[in-house]
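Inside the fold
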Amino acid sequence: MKQIALCLIFACISAISWAKKPSAKPVKIDAAQAKSTHPALKASSALAEAGEFDTENPPHRIRVLVGLGASTYFLKDGRPHGLEYALLSGLESELNRNRAKGLPPIRLQFIPIESGELIPALLAGKGDIAAGLMPLTEGARSIVSFSEPYAFDQWCLVGPKEGTIRRLEDLAEQPLVLSSASMGRRLLDAHPDLKITLEEPPLGSSVETQLAEINSGQANYTLASKTILNLWAPRFKSLQIGSCLNEKVPLTWAVRPSDEGLLTLINRYVASKKMPMEKAISLTQRYLAQDAKAARSEAIAPLDKLGFFVPMFQSIAAANNLDWMLLAAIGQKESKLNPVVRKNGPTGVMQINPSTARAMGVSDPHGNEGNITAAAKYLAYLRKMYSQQGITEDNQLYFMIAAYNAGEGRLQQIRSRAKAQGLDPNVWVGNVEKVALNHVSKGMVDYVSTVNRFYLAYQSAEKTAAKRASGVSAKK
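Conventions we followed
Residues numbered from 1 in each chain as written. Predicted model: local features only at pLDDT ≥ 70, side-chain atom pairs only at ≥ 80, totals over all residues. Heavy atoms only, no water. Disulfide = S-S within 2.5 Å. Helix = DSSP H or I, 4+ residues; strand = E, 2+ residues; numbered from the N terminus. Buried < 20%, exposed > 50% of the residue type's maximum accessible area, 1.4 Å probe, protein only. Polar contact = N/O pair within 3.5 Å; in protein donor to acceptor, adjacent residues only side chain to side chain. Contact = heavy atoms within 4.5 Å. Expected span 1.5 Å × (residues − 1). Pairing = 2+ DSSP bridges. Axes fitted to C-alpha atoms, helices over the stretch in contact; angles between N-to-C directions. Lys, Arg positive; Asp, Glu negative; His and termini not counted. Salt bridge = Lys/Arg side-chain N within 4 Å of Asp/Glu carboxyl O. Core = buried A, V, L, I, M, F, W, Y, C linked by side-chain atoms within 4.5 Å. Phe/Tyr/Trp six-rings, centres within 6.5 Å; stacked < 30°, edge-to-face > 60°. Patch = residues over 30% accessible without salt bridge, like charges linked within 9 Å, V, L, I, M, F, W, Y side chains within 5 Å. Areas by Shrake-Rupley, 256 points an atom, 1.4 Å probe, with all protein chains shown as cover. Charge placed at Lys NZ, Arg CZ, Asp CG, Glu CD.

Overall, the coordinates contain one disulfide when judged by the stated rule. Between the sulfur atoms of Cys156 and its disulfide partner Cys244 the distance amounts to 2.0 Å. The sign of the S-S torsion, about 95 degrees, decides the handedness of the disulfide formed by Cys156 and Cys244: right-handed. Remark: Cys244 occurs in strand β12 (residues 239-244) and Cys156 occurs in strand β8 (residues 155-160); sequence separation between them is 88 residues. Assessed through its relative accessible area of 27%, Cys244 is described here as partly exposed.

Pasting the structure below:
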């Protein structure tokens, strides 16, 4: 009781003391700080804030929540790939089909997350479209709106090439390794006549991991979708595909029930058949892991181009209080992470001008370390300048990227022109962006959008991979 009384007294004193002090000013957050979170990952989407999709005045950005996985969405050499990325690649054209001339195009922003979080994150307003080779289920239909199916899938028995089991009925004592959360389990529930021993796969494994293990000689059996099997066929040549369940399962995308206008556009895109599954598989196959190790815990593979630069990006970014993933995103856009050295003009992996590098105190901008250092110092300089002008975190980010592309002087001219036209010179989307598109070049607008898209994808993928890895470790 004495301890409780002392705590109450202390709480009262603290409350009185706090009341005498002026209200604390909110801590100002600057863009792309070390270990910061991308603004789009902290705030609800513009469409969620609006409440419903207005076909006459749609938001400038549509967020796609996509399942991070070895088949659905992954990063290779710093660029996004995967079946869902390929399938949705043409949706931007549909969104902009009747867009008025002179208006900035509507852009898709891919946010990779855990597949099991797609629907909850969609309903929470974190994104506008959920995509992850999602089977249409009646339970989910009551809380979200599904698009027309873009493909139909079947689940088939898979085992080692030398195995003798071809049918589910013949498994007998041989267990079927299948996650309790998988669609295969749900389909088996509709077949009580099949007497099958089910076994959970190891924590953290995926269907691709299981296929890789069977392909390497492990005598396991599982159920896998034909779509996944067709995708991985060139890599997994030692698999035997047995009988398939009869059910043909529709694969769809999901939106919130209030976004009927968006759903109409998506369904129009599905009906156009501009990206059939066969083509999406073909586009994705060339980027799959060559070593047939289908799933890694890292979102960014250590052996690809981006993985090679990561240690340097990280150390240089930390020295300038920057998020290394912004440096990586700009490097990806500027050179595809292939340094091109020029004595005069933009040079190196970051394609920075030698004059800019000298202004940042870097005498040799041609080597990787000096080149990235000059870029980091310049971005930190830009951030400080825009922060001191009271510009919000998300607009600081847009302006930093735009100024990196065109120079802060050119961007200032565009902002002044925006103000003269009655637009907000401190806001990029729909304001400064509009002036840049109509009076400068579409290239600047595309540059800002692409870098931001890479940056957002890197950060979300890394956060998801880290969460996945920590979850597996905690359960061991």
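Another point: the side chain of Asp128. Note on placement: Asp128 falls in the loop between α6 (118-123) and β5 (129-135). Side-chain polar atoms of Asp128 contact the side chain of Arg256, separated by 3.0 Å. Ignoring any residue separated from it by four or fewer positions in sequence, one finds Asp128 in contact with Ser45, Leu47, Ala48, Arg61, Ile62, Arg63, Leu122, Ala254, Val255, Arg256 and Leu262.

Another point: helix α11 (residues 260-272). Counting along an α-helix, one turn takes 3.6 residues, and residues three or four places apart therefore face a common direction. Its 13 residues give α11 an end-to-end C-alpha distance of 18 Å, which sits within 8% of 18 Å, the value for a rise of 1.5 Å per residue. Those residues of α11 that sit buried are Gly261, Leu262, Leu263, Leu265, Ile266, Asn267, Tyr269 and Val270. In this structure, the buried residues of α11 make contact with α3 (46-50), α4 (83-87), α5 (91-95), β5, β6 (145-146) and β13 (249-255). In the stretch just after α11, Lys273 is the one whose phi turns positive, near 55 degrees.

Spatial strand order, β11-β8-β12: three strands in an open sheet with antiparallel pairing. Across the chains shown, the open sheet's two edge strands, defined by having one partner strand only, are β11 (222-225) and β12. Going across the sheet, the axis of each strand differs from the next one's by a mean of 45 degrees, ignoring polarity. Bridge count for β8 against β11 is four bridges, and the pairing is antiparallel. For Cys156, the partnering residue across the bridge sits in β11 and is Ala224.

Turning to its location among the elements, Glu208 is positioned in helix α9 (residues 207-215). The side chain of Glu208 sits in the buried core without any salt bridge; Arg468 is the nearest counter-charge, 8.3 Å away. A distance of 2.5 Å separates a polar atom in the side chain of Glu208 from a polar atom in the side chain of Ser71. A distance of 3.1 Å separates polar atoms of two side chains, one belonging to Glu208 and the other to Ser206.

Among the nonpolar cores identified, the biggest contains 112 residues, and Trp253, Phe313, Leu327 and Trp428 are the most heavily contacted of them. Per-element accounting of this core gives the leading share, eleven residues, to helix α20 (residues 442-475). If we skip the residues at most four places from it in the chain, Phe313 touches Leu306, Trp324, Leu327, Ala328, Leu337, Met350 and Ile372.

Before going further, it helps to examine the packing of aromatic side chains. Considering all chains together, one arrives at 14 aromatic pairs under this definition. These aromatic residues form a ring-pair network of at least three members: Tyr386, Tyr398, Phe399 and Trp428.

This brings us to the environment of Ile165. Here Ile165 lies in the loop between β8 and β9 (176-177). Separated by 60 residues in the primary sequence, Ile165 and Ser225 have C-alpha atoms spaced 18 Å apart. If we ignore the near neighbours within four places in the chain, the residues touching Ile165 are Leu157, Asp170, Leu171, Gln174, Tyr221 and Gln240.

A cluster of like positive charges, contributed by Arg79, Lys305, Lys333 and Lys336, occupies part of the molecular surface. By relative accessible area, which is 33% here, Lys305 ends up partly exposed.

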